[in-house]
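Residue strings, one per chain:
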Amino acid sequence: MESDEELLSRAAEDPEAFEPLVARHAKALHGYFARRASDAADDLLAETWLRAYSARAGFDAARGSARGWLFGVARHVLAHHWRAPGAHRSQAAQAALAGDTAIDPWHAVDQRLDAIAVAWSLRARLAALPPVERELLLLVAWEELTPMEAAAVVGIPAGTARSRLHRARARMRGTLSNSP
């Protein structure tokens, strides 16, 4: 079986090589959008595939994994969606664009937590993280990207990403250890 990187590189000349990438990553990318803009997840996923397909010749395996590259495309599609005039977005999404707070993707998680006090504490701590740390943490925890892939998605060096991810995890761990 060909790796994602081989498929994406080959897709520049052979468009059919792109199809297995869609099959492999559609669910993860859809989840990424559903947790951030549930009302537009399907449309954002379709736009991501269109943009990724159009840009497939520009993929460089030396700069990172195909999965990380796809999430980078998805992140740009999401940012464009939030900035679009008349875009339907929550107040949390509008605040995130302004750099004020995080998008609140924790509603579904709250329902699964046993103690409401822990849920509110986690939400507050997550919202208090610097935006890049929050995005790195969510990419690694929810989207299951490696720290190196997450670094490529947010456009920072891998070492910087590891440091910021360590700080974010420590802050979140502090919340859990201080909970009742």
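Computed from a prediction, not measured in an experiment: that's the story for all the values here.

### Notes on the overall build of the protein chain
And then number 1: When its secondary structure is counted, the protein chain shows ten helices and zero strands.
And then number 2: Shown N-terminal to C-terminal, the secondary structure of the protein chain runs as helices and strands in the order α-α-α-α-α-α-α-α-α-α.
And then number 3: In the protein chain, which comprises 180 residues, the proportion classed as buried is 42%.
And then number 4: If you take every contact in the protein chain between residues at least 6 apart in sequence, the share linking residues at least 24 apart comes to 56%.

### A few points about the packing of aromatic side chains
The geometry of two aromatic rings is summed up by the distance between their centres and the angle between their planes.
And then number 1: Tallied over the full model, the rule gives five aromatic pairs.
And then number 2: Considering the side-chain rings of phenylalanine 18 and tyrosine 53, the 5.3 Å spacing of their centres and the 80° angle between planes classify their relative orientation as edge-to-face. Separated by 35 residues along the polypeptide, phenylalanine 18 in the loop between helix H1 (4-11) and helix H2 (19-34) and tyrosine 53 in helix H3 (residues 41-54) bring together distant segments of the chain.
And then number 3: For phenylalanine 18, a relative accessible area of 5% corresponds to the buried category.

### Things to note about the nonpolar core
And then number 1: In terms of nonpolar packing, the biggest core is built from 45 residues, with Phe33 and Leu139 touching the most fellow members.
And then number 2: For this core, the element with the highest residue contribution is helix H4 (residues 66-83), accounting for nine residues.
And then number 3: Those residues within four positions of phenylalanine 33 in sequence are excluded, and the remaining contacts are Ser38, Ala41, Leu44, Leu45, Thr48, Ala74, Val77 and Leu78.

### Quick notes on helix H8 (residues 131-141)
And then number 1: In terms of burial, H8 is a largely internal element, eight of the eleven residues being buried.
And then number 2: All of the buried residues along H8 are Glu133, Arg134, Glu135, Leu136, Leu137, Leu138, Leu139 and Val140.

### Focus: the environment of leucine 137
And then number 1: Among the structural elements, leucine 137 can be located in helix H8.
And then number 2: Along the primary structure leucine 137 and arginine 169 are separated by 32 residues, whereas in three dimensions their C-alpha atoms are 7.4 Å apart.
And then number 3: Not counting chain neighbours up to four residues away, the residues in contact with leucine 137 comprise Leu126, Leu129, Trp142, Leu165, Ala168, Arg169 and Met172.

### Remarks on the side chain of arginine 56
And then number 1: Within the element layout of this structure, arginine 56 appears in the loop between H3 and H4.
And then number 2: In this structure arginine 56 is buried but unpaired, with glutamate 13 as the nearest side chain of opposite charge at 8.2 Å.
And then number 3: Dropping the residues within four chain positions of it, arginine 56 is found in contact with Leu8, Ala11, Ala12, Pro15, Phe18 and Trp69.

### With respect to unusual backbone geometry
And then number 1: Not every positive phi belongs to a glycine, and glutamate 144 is a case in point at roughly 60°.
And then number 2: With respect to the secondary-structure elements, glutamate 144 resides in the loop between H8 and helix H9 (147-154).
And then number 3: The exposure class assigned to glutamate 144 is exposed, which follows from its relative accessible area of 62%.

### Observations concerning the packing of H1 against H2
And then number 1: Axis separation between H1 and H2 bottoms out at 9 Å; the angle between their running directions is 140°. With respect to each other, H1 and H2 are oriented oblique. Two packed elements cross with a definite hand, and for H1 against H2 that hand is left-handed. Contacts between H1 and H2 involve Asp4, Leu7 and Leu8 from the first element and Pro20, Leu21, Arg24 and His25 from the second.
And then number 2: Broken down by class, the residue content of the contact of H1 with H2 amounts to four nonpolar, one polar and two charged.

Reading guide: rules and limits
- Position labels on residues start from 1 in each chain and follow its written sequence.
- Given that the model is predicted, a residue must reach a pLDDT of at least 70 before its local features are reported, and side-chain atom pairs must reach 80 or more before they are shown or counted; all residues, however, enter totals for whole chains, interfaces and linings.
- Each side-chain value is derived from all of the structure's non-hydrogen atoms; neither hydrogens nor water enter the calculation.
- Labels follow the DSSP assignment, with helices taken as runs of H or I lasting at least four residues and strands as runs of E lasting at least two, numbered in each case from the N terminus.
- Three labels apply to residues, based on accessible area from a 1.4 Å probe with only protein chains included: buried if under 20% of the type maximum, exposed if over 50%, partly exposed otherwise in between.
- Whether two residues are in contact is decided by their heavy atoms: any pair within 4.5 Å suffices.
- Each Phe, Tyr or Trp ring, with Trp reduced to its six-membered ring, pairs with another whose centre is within 6.5 Å; inter-plane angles below 30 degrees give stacked pairs, above 60 give edge-to-face pairs, and intermediate values give tilted ones.
- We call a set of buried residues a nonpolar core when its members are Ala, Val, Leu, Ile, Met, Phe, Trp, Tyr or Cys and they connect through side-chain atoms within 4.5 Å of each other.
- Here the positive residues are Lys and Arg and the negative ones are Asp and Glu; neither His nor the chain ends is included.
- The term salt bridge refers to a side-chain nitrogen of Lys or Arg lying within 4 Å of a carboxyl oxygen of Asp or Glu.
- Interaxial angles span 0 to 180 degrees and are taken between N-to-C directions of axes, which are lines fitted to C-alpha atoms, for helices over the stretch in contact.
- Angular relationships are summarised with four words: roughly parallel below 35 degrees, roughly antiparallel beyond 145, roughly perpendicular across 65 to 115, and oblique for the angles in between.
- It is the rotation of the near helix from the far one that decides the hand of a crossing: anticlockwise by less than a right angle makes it left-handed, clockwise makes it right-handed.
- Residue type decides the class: Asp, Glu, Lys and Arg count as charged, Ala, Val, Leu, Ile, Met, Phe, Trp, Tyr, Cys and Pro as nonpolar, and the leftover types, Gly among them, as polar.

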